[in-house]
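Descriptive structure summary
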Amino acid sequence: DRCDRAWDLCRKKIPAWVLQNGRGVRCHLYDKTISPPSEHKTPPVTGAVPVAAVGKAGDGSGFRPLALKGNGHAWTARALPAARPGDNSLNVLTAAPGGILGAVGSAATAGGAQRTLTERYSTGHWQVVASPNPSTADNALYAATVTGAHKVWAVGGWFSPSQGKTIALRRC
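Report on the accompanying structure. Treat the numbers as computed from the prediction; the structure is a model and nothing was measured.

1. Quick notes on the nonpolar core
Note that soluble globular proteins tend to have their nonpolar side chains buried in a common cluster. Val-54, Ala-67, Leu-80, Leu-90, Leu-101, Ala-103, Ala-107, Leu-117, Tyr-121 and Trp-126 form the largest nonpolar core, which has 10 residues in total. A total of three residues in this core trace back to one element, the largest contributor, which is strand β7 (residues 100-108). In this structure, Val-104, Ala-154, Ile-167 and Leu-169 belong to the second largest nonpolar core, which totals eight residues.

Set out below in structure tokens:
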């Protein structure tokens, strides 16, 4: 897989490691000895995009949900509220009209079982939103979409050592 800004050199030569903001990056875009071709343009970012991706990041005591915001040139990371101490992870982001965002994933209990995790972004703030867990086994959400004003569908599954079932949730 290549980024959207890959050019021919990316297919011919493996980029060198470059230190960028205290981290190693292996990308021709960060190598100051190489100039991108003249036809290379950074894709424009249009509109107010508060978040472009979600995931998780380690904080020393587990994993916290993470949001990434891009401006076409750089990414900034923001830790989001955790549903509980330990491992919390968001798998997908969906957008609704009016700049409202939703993200779904899972968060581990103290005993290690996974529980559904849903978060909502509105008016500049993220908050954890209660979501059902149909099983006492592991529950997680993997995809979501907005189908209308305040109507969100999320899908995932619950899993035990002997079986698994699909979860489909609708919030109106």
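2. Description of the sheet that holds strand β3 (residues 53-58)
The strand order β3-β4-β5 describes an open sheet built from three strands, whose pairing is antiparallel. The sheet is open, and its two edges are formed by β3 and β5 (75-79), each paired on a single side. Each strand of the sheet is rotated relative to its neighbour by a mean of 40°, with strand direction disregarded. One ladder, built from six bridges, connects β3 with strand β4 (residues 63-70); its direction is antiparallel. Directly across from Lys-56, in β4, lies its bridge partner Pro-65.

3. Concerning the packing of aromatic side chains
Here the distance between the centres and the angle between the planes together describe a pair of aromatic rings. The full count for this structure, using the stated rule, is one aromatic pair. Here Tyr-121 and Trp-126 contribute two aromatic rings whose centre-to-centre distance is 5.4 Å and whose plane-to-plane angle is 55°, an arrangement assigned as tilted. For the pair Tyr-121 and Trp-126, a shared accessibility class is recorded, and that class is buried. Just above the ring of Phe-63 sits the side chain of Lys-56; from NZ or CZ to the centre is 4.5 Å.

4. Digging into the pairing of strand β8 (residues 114-122)
Of all nine residues that make up β8, seven are buried, and the element is covered over most of its length. In terms of strand pairing, β7 meets β8 through eight bridges, oriented antiparallel. Paired with Leu-101 across the strands is Tyr-121, a residue of β8. Linkage of β7 to β8, two consecutive antiparallel strands, is achieved through a turn of five residues, within which Gly-112 is found at a positive phi near 100°. Joining the antiparallel neighbours β8 and strand β9 (residues 125-129) is a turn of two residues, in which Thr-123 adopts a positive phi near 50°.

Definitions and limits used
- Residues numbered from 1 in each chain as written.
- Predicted model: local features only at pLDDT ≥ 70, side-chain atom pairs only at ≥ 80, totals over all residues.
- Heavy atoms only, no water.
- Core = buried A, V, L, I, M, F, W, Y, C linked by side-chain atoms within 4.5 Å.
- Buried < 20%, exposed > 50% of the residue type's maximum accessible area, 1.4 Å probe, protein only.
- Helix = DSSP H or I, 4+ residues; strand = E, 2+ residues; numbered from the N terminus.
- Pairing = 2+ DSSP bridges.
- Axes fitted to C-alpha atoms, helices over the stretch in contact; angles between N-to-C directions.
- Phe/Tyr/Trp six-rings, centres within 6.5 Å; stacked < 30°, edge-to-face > 60°.
- Lys NZ or Arg CZ within 6 Å of the ring centre and 35° of its normal.

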